[in-house]
There are 2 protein chains.
Amino acid sequence: MKPIWTIVLLLLIVASVTANNGNTRLDTAAQRRASNIHRMDTIILLTYVSVMVLIVVTAWAFKHYRFRFIHESGVTLFYGLLIGFVIRYFGLGLLQSQTFDVVTKNRTIVKEPPDYLMLEVKPEGGSRVSFHYELIEGFFADKRKKIEQQIEQKSVFSPEVFFNMLIPPIIFNAGYSLKKRHFFRNIGSILAIVFIGTTISCFGTGCLMFVFTSIFQMGYTFKELLFFGALISATDPVTIISVFNDMNVEADLFALIFGESALNDAVAIVLSEVIENFSTSSEAITLQDFGSAIAGFAGVFFGSLMLGFVIGCMNAFLTKMTLISEHPLLESSLFVLISYISFLVAEVCGLTGIVSVLFCGIAQAHYTYNNLSNESQSNTKHFFHMISFIMESFIFCYIGVSVFVTNNQRWSFSFLLFSLISITASRALFVYPLSWMLNIRRRPKIPKRYQHMILFAGLRGAMAFALAGRNTSTENRQTIFATTTAVVIVTVLVNGGLTSWMIDYLQIKHGKDAIEEGQRLESSMSCSNGDHHADLDETVPVTMAPGLNPWDKAFLPRKWYHFDASFMKPLLTHATPSLEQTLPPFCLPLTSLLTSSRQRAVRN
Amino acid sequence: MKPIWTIVLLLLIVASVTANNGNTRLDTAAQRRASNIHRMDTIILLTYVSVMVLIVVTAWAFKHYRFRFIHESGVTLFYGLLIGFVIRYFGLGLLQSQTFDVVTKNRTIVKEPPDYLMLEVKPEGGSRVSFHYELIEGFFADKRKKIEQQIEQKSVFSPEVFFNMLIPPIIFNAGYSLKKRHFFRNIGSILAIVFIGTTISCFGTGCLMFVFTSIFQMGYTFKELLFFGALISATDPVTIISVFNDMNVEADLFALIFGESALNDAVAIVLSEVIENFSTSSEAITLQDFGSAIAGFAGVFFGSLMLGFVIGCMNAFLTKMTLISEHPLLESSLFVLISYISFLVAEVCGLTGIVSVLFCGIAQAHYTYNNLSNESQSNTKHFFHMISFIMESFIFCYIGVSVFVTNNQRWSFSFLLFSLISITASRALFVYPLSWMLNIRRRPKIPKRYQHMILFAGLRGAMAFALAGRNTSTENRQTIFATTTAVVIVTVLVNGGLTSWMIDYLQIKHGKDAIEEGQRLESSMSCSNGDHHADLDETVPVTMAPGLNPWDKAFLPRKWYHFDASFMKPLLTHATPSLEQTLPPFCLPLTSLLTSSRQRAVRN
């Protein structure tokens, strides 16, 4: 019983700047119009790049004049809103479209080939579904195609570009520039917040929103709201971290908030994918769904984690065993390409590229970095730093523009209001109980002022926006997308702007105080193995005495430290002692193969 | 009298991996298929990136084992050919397409929305023109659209991506990393070769090809062949320069060949655009066409040159007057963005972005570079070096792939044979006479062995390929595209591979000999002003005595040196003497405004 539909074809013709003198031949007209469109493309590109220059200059001025009550991301958003407004209301007629119905008139006048075709399919008894087509030249290497339904969408970037091009370098940079020392000391608490906290936040938001929307009969399914809860749980590291950096906030608080915001993107993306893949036939969620969701979640998350880590280690091994560090250009290029591969392989395997690229970044920083030539060390650090800065600026700018330019956002202020309440409540719901639980065993404890700050630091950013924009096929999803955009704007402007004030208000140490405090703490600890996570620790011997440092007491971290120092580092880097020294003698044939001449040189 | 066409609509459906179980609803089927296509996209991207990793490793191995008779570009091309072959003949069924005629059957079964629509328009009495449409989500920010006619094209990258994304960083890097000293000493000869030589090569190739094709009645118009002559005159710096660099070839020969290949891209692009814009109604070229072509050529070339230079200077001024160098990240980002803007502005103004970005690069290296913080100096250099390396590798790889994958190439071996003869002959036609004329006044003369080497170094690369691929609407143009691809492959493999042998054969000094020779020459000259073009010459005083150095005798360079040292450098960089010292005293209010505190600090 195959469905049969009537097909209606509409032509959308974007009014182009060319004069329609009618007599020109079709091919020359097409040629002329194509070059006009090329110019329009470059104008749009130029607009974006110019705004970004403006953003850089503003960012500099803000830093220079220590102007702190609005942050760069806020300014970037603001510029974006401005540009969006201008394009929308003074848009130079670039976006006006005409519609011709081709099929109803059997012979239609087409002076130039239309830029866009719209195919409307009407299933019998169903409502219309329409698909947009764009005039292309080729369709092999970089096509973007997603389905959209009933959207009169006029603008905008494909979310695929976000996920394949813009987000990976940002996340990789987060992993690569991680301050490993404090991060790994707080890893337990961070992972608890990331896994348990994000899940609580996701389900808390979903449930609260379900209560609100049910009361006001707004017609959302629980699945949709859970999806919203998942994507809105991805907090953004950009704004808050740059404020913290500027102010030299206490290192442990920094590690907690950075760790949460860097890692929970991954959790949010996996959660939202799992929720998306719930059986679509039934609207309710069964217990079986839930079980398979948990399993799928764990599989995807740890699969991606391992994949990224392994690819990072492979690169470390490659850079160790070859002498590619003699050619820093090739070395840096290899580094960049392999890091991107960790993303692509994960996506191809159906895993999560973001998680993979994050842990690839951590592995690269931990192992590969030590093998690189000095030049490549500085190159790769700065390269990713700059790329990620430019991408972030672009994304914030684009979020601003999208408010005015996209047509796949449906605004609902009551939904926005409920969202703001729900996300704050569900964030409080995990911050305080989790901190209390963690404080039972944790030394030093997480003080109350940290907890307030973690609650306050729940800014949303690029990842939430990109996740929400990925699928806007129904009206509800369009409302979710618009609301997410608004939440990003509100939190970045309000929370981001008030962060420095909040730090003072909560009496969190910053500036010189925090640095001194940190040094006092450092020296009061026996640091013989804390150093294992410093950047270049090739010469540190393995004579660790775990347990002296309260942060390193746990069993698993201790095991991992040992394994890392006696096997992973000697295998993957030029660090000494080499495998010849750490492994039992009967492995000698193998270990001598895996020991580099640099390792031997140090030993002798 | 408006033309009326019948419109036939064809649906091209790419066979996707999904099972057609018929009963699924359209939207879920679409969702599922979209995610499959996303995976296909990532597979293709992964293939490219993996090949590039392979290329980097191979390049390293070649460098390491001093394997010289095939060059990296050659290997890259070879890998590309291999991948293309695999995709073509073992293409995993990814590219099979089905065609349904929608209009003839009034009711057609469509189980899933098709990825591609083809609109065929048949003017009355004319032949069919068909346009391809791709299913999209949005069409604002990064659309690519060009017209293609009667092409069953299955693959490939838009040439727009080449021109907007891949080529600019390569050209900018050429300008930015220019060895200014030897370049400017040979500037007269370089410009002669670039302007007169490229024009001779263009018209020579065009005329020769016209003779050949007329004899064998192959049906090409003179305009088409002239266009071919223009685009094939763009020689490629990549391969030859990297061989020269490896071998430390004599600096003057290096400067001549690098200068030619870096600058003649710009001339070729302007020439080909001018030829493209000849009135299309008449096939012959009138004298008036020719005159307006010369005028247009000069206007576009020098307009673009000035624009790029001015934008570069603006950035220098900005970095000088603000203290942005305190924040290297912002500084580097600004640098990258403004450099890209020089390309975009030129394109928007209807000028040539390539020329603009090249001279922006030169201006940035000459002025801005001196204002940057140490960190940004190294960052920007390495950033552009790496980006341009990756882009180049990608392009060479892609040229290889395109041989098998694109359907807009029509192979004609006789045309290829004639092309190879014509381009060699027309290159000889300008190298020897021009060198003879230049040698009348030039000291040191261009020796015969240099002339042979310049002839031999006429490799073709990315620019010729991209220019040829820009318009493949007619069969003749498709032949031109295929021939250009073949010429690139032949010259890169043969000439590139034999370069090091040729250097030995022509007894051109290289390695230590060349370095010693260079130093001997240097020291035999009075170098008080040769230093003006060294990289960081802030502290060199203006006490020049032009005329002592035979390279600096000419009137115009002397004037420019003086203007540069007494006005441009003090205005745009922190170099001393400052404007307060070089300009007459009555300008004081203005000059004191334009003098930085660093300049004052040096003076006092």
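The model shown is predicted, which means the values in this text are computed figures rather than measured ones.

Rules used throughout
- Residues numbered from 1 in each chain as written.
- Chains lettered and ligands numbered in written order.
- Predicted model: local features only at pLDDT ≥ 70, side-chain atom pairs only at ≥ 80, totals over all residues.
- Heavy atoms only, no water.
- Helix = DSSP H or I, 4+ residues; strand = E, 2+ residues; numbered from the N terminus.
- Buried < 20%, exposed > 50% of the residue type's maximum accessible area, 1.4 Å probe, protein only.
- Areas by Shrake-Rupley, 256 points an atom, 1.4 Å probe, with all protein chains shown as cover.
- Axes fitted to C-alpha atoms, helices over the stretch in contact; angles between N-to-C directions.
- Parallel < 35°, antiparallel > 145°, perpendicular 65-115°, else oblique.
- Left-handed = near helix turned anticlockwise from the far one by under 90°.
- Contact = heavy atoms within 4.5 Å.
- Nonpolar A, V, L, I, M, F, W, Y, C, P; charged D, E, K, R; others polar.
- Salt bridge = Lys/Arg side-chain N within 4 Å of Asp/Glu carboxyl O.
- Phe/Tyr/Trp six-rings, centres within 6.5 Å; stacked < 30°, edge-to-face > 60°.
- pLDDT = per-residue confidence, 0-100.
- Expected span 1.5 Å × (residues − 1).
- Disulfide = S-S within 2.5 Å.
- Patch = residues over 30% accessible without salt bridge, like charges linked within 9 Å, V, L, I, M, F, W, Y side chains within 5 Å.

S.K.: Could you give an account of the overall build of chain A, with specific residues and numbers?
M.R.: From N to C terminus, chain A includes 21 helices and four strands. Burial statistics for chain A: of 604 residues in total, 61% are counted as buried. Accessible surface, chain A as shown: approximately 23900 Å² in total, 65% of it carbon and sulfur.

S.K.: Before we move on, could you go through the packing of helix α2 (residues 72-89) of chain B against helix α16 (residues 475-505) of chain B and cite the residues and values that matter?
M.R.: All names here are of chain B. Running from N to C, α2 and α16 point in directions that differ by 135 degrees, and their axes come no closer than 8 Å. With respect to α16, the element α2 is oriented oblique. Relative to α16, the crossing made by α2 is left-handed. Seen from α2, the contacting residues are Ser-73, Gly-74, Leu-77 and Leu-81; seen from α16, they are Val-488, Ile-489, Val-492 and Leu-493.

S.K.: Give a detailed account of the packing of helix α7 (residues 238-247) of chain B against helix α8 (residues 251-276) of chain B, specifying residues and quantitative values.
M.R.: All names here are of chain B. Interaxial distance between α7 and α8 falls to 10 Å at its minimum, and their mutual angle equals 165 degrees. It follows that α7 is roughly antiparallel to α8 by the angle criterion. Crossing geometry of α7 relative to α8 is assigned as left-handed. Every residue of α8 that contacts α7 at Ile-240, Ile-241, Phe-244 and Asn-245 is listed here: Leu-253, Phe-254, Ile-257 and Phe-258. Partitioning the contact of α7 with α8 into residue classes produces seven nonpolar, one polar and no charged.

S.K.: Residue-level account of the pattern of salt bridges, with values.
M.R.: Residue and element names in this part refer to chain B. Counting across every chain of the model gives four salt bridges over all chains. The shortest N-O distance in the salt bridge between Arg-449 and Glu-250 comes to 3.4 Å. Placement of Arg-449 in helix α14 (residues 448-456) and of Glu-250 in the loop between α7 and α8 is noted, with a sequence separation of 199 residues between them. For the salt bridge of Arg-427 with Glu-260, the shortest nitrogen-to-oxygen distance reads 3.0 Å.

S.K.: Mind laying out the packing of aromatic side chains, listing which residues take part and the relevant values?
M.R.: Under the defined criterion, the tally for this structure stands at 57 aromatic pairs over all chains. With 6.4 Å between their ring centres and 20 degrees between their planes, A:Phe254 and A:Phe258 make a pair best called stacked. Taken as a pair, A:Phe254 and A:Phe258 lie in helix α8 (residues 251-276) at a separation of four residues, close to a single helical turn. The residues A:Phe254 and A:Phe258 share a single accessibility class, namely buried. Look at B:Phe172 and B:Phe384: their rings are 4.4 Å apart centre to centre, the planes differ by 45 degrees, and that puts the pair in the tilted class. Separated by 212 residues along the polypeptide, B:Phe172 in helix α3 (residues 159-176) and B:Phe384 in helix α12 (residues 374-405) bring together distant segments of the chain. For the pair shown, B:Phe172 and B:Phe384 are each scored as buried. Site record: aromatic cluster; members linked through ring pairs are A:Phe172, A:Tyr176, A:Phe335, A:Tyr369, A:Phe383, A:Phe384, B:Phe172, B:Tyr176, B:Phe335, B:Tyr369, B:Phe383 and B:Phe384.

S.K.: Lay out the environment of B:Ala234 in plain terms, naming residues and giving numbers.
M.R.: Residue and element names in this part refer to chain B. Position of Ala-234 among the secondary structure elements: in the loop between α6 (222-232) and α7. For the pair Ala-234 and Arg-477, spaced 243 residues apart in sequence, the C-alpha separation works out to 17 Å. Beyond its immediate sequence surroundings of up to four residues, Ala-234 is in contact with Asn-264, Asp-265, Ala-268, Leu-459, Arg-460, Gly-461, Met-463 and Ala-464.

S.K.: Explain unusual backbone geometry to me, using residue names and the numbers behind them.
M.R.: With glycine set apart, most residues show a phi of negative sign, and most peptide bonds adopt trans. With phi around 50 degrees, A:Gln217 is a residue other than glycine that occupies positive phi space. Examined against the element boundaries, A:Gln217 turns out to sit in the loop between α5 (187-215) and α6 (222-232).

S.K.: Describe the confidence of the model for chain A, with residues and values.
M.R.: Residue and element names in this part refer to chain A. Model confidence for chain A is summarised by a mean pLDDT of 74, while 70% of its residues fall at 70 or above. Note that residues 1-27 has pLDDT below 50 and, in this model, 90 contacts with residues that lie over four places away or in other chains. Counted against residues more than four places away or in other chains, residues 92-112, with its pLDDT under 50, gives 51 contacts. Predicted complex, confidence summary: ipTM 0.76, pTM 0.77.

S.K.: Let's hear about α12(B): which residues, and what values?
M.R.: The end-to-end C-alpha distance of α12(B) is 45 Å, a good match for the 46 Å that 32 residues give at a rise of 1.5 Å each. Burial of α12(B) is extensive: 26 of the 32 residues sit out of reach of the surface.

S.K.: Go over the state of the cysteines with me, naming the residues and quoting the values.
M.R.: Under the criterion given, the structure shown has zero disulfides over all chains. Not engaged in a disulfide, the cysteine B:Cys360 finds its nearest cysteine sulfur in B:Cys313; these two sulfurs lie 8.9 Å apart.

S.K.: Describe the environment of B:Gln409, and please don't skip the residues or the numbers.
M.R.: All names here are of chain B. By secondary structure assignment, the location of Gln-409 is in the loop between α12 and α13 (413-441). Counting along the chain gives 84 residues from Gln-409 to Leu-493, while the straight-line C-alpha distance between them is 20 Å. In this view, Gln-409 contacts Ser-402, Val-403, Phe-465, Gln-478, Phe-481, Ala-482 and Thr-485; residues no more than four positions away in its chain are not counted.

S.K.: Got a sec to walk through the environment of B:Met453? Specific residues and values, please.
M.R.: Residue and element names in this part refer to chain B. Among the secondary structure elements, Met-453 is positioned in helix α14. For Met-453 and Leu-253, which are 200 residues apart along the polypeptide, the C-alpha to C-alpha distance reads 8.4 Å. Look past the residues within four positions of Met-453 in its chain and what remains in contact with it is Phe-244, Leu-253, Ile-257, Thr-499, Met-502, Ile-503, Leu-506 and Ile-508.

S.K.: Break down a nonpolar patch on the surface for me, with residues and values.
M.R.: On the surface, A:Val490, A:Leu493, A:Val494, A:Leu498, A:Trp501 and A:Tyr505 cluster together into a nonpolar patch covering about 560 Å² of accessible area. Tracing the sequence through the fold places A:Trp501 in helix α16 (residues 475-505).

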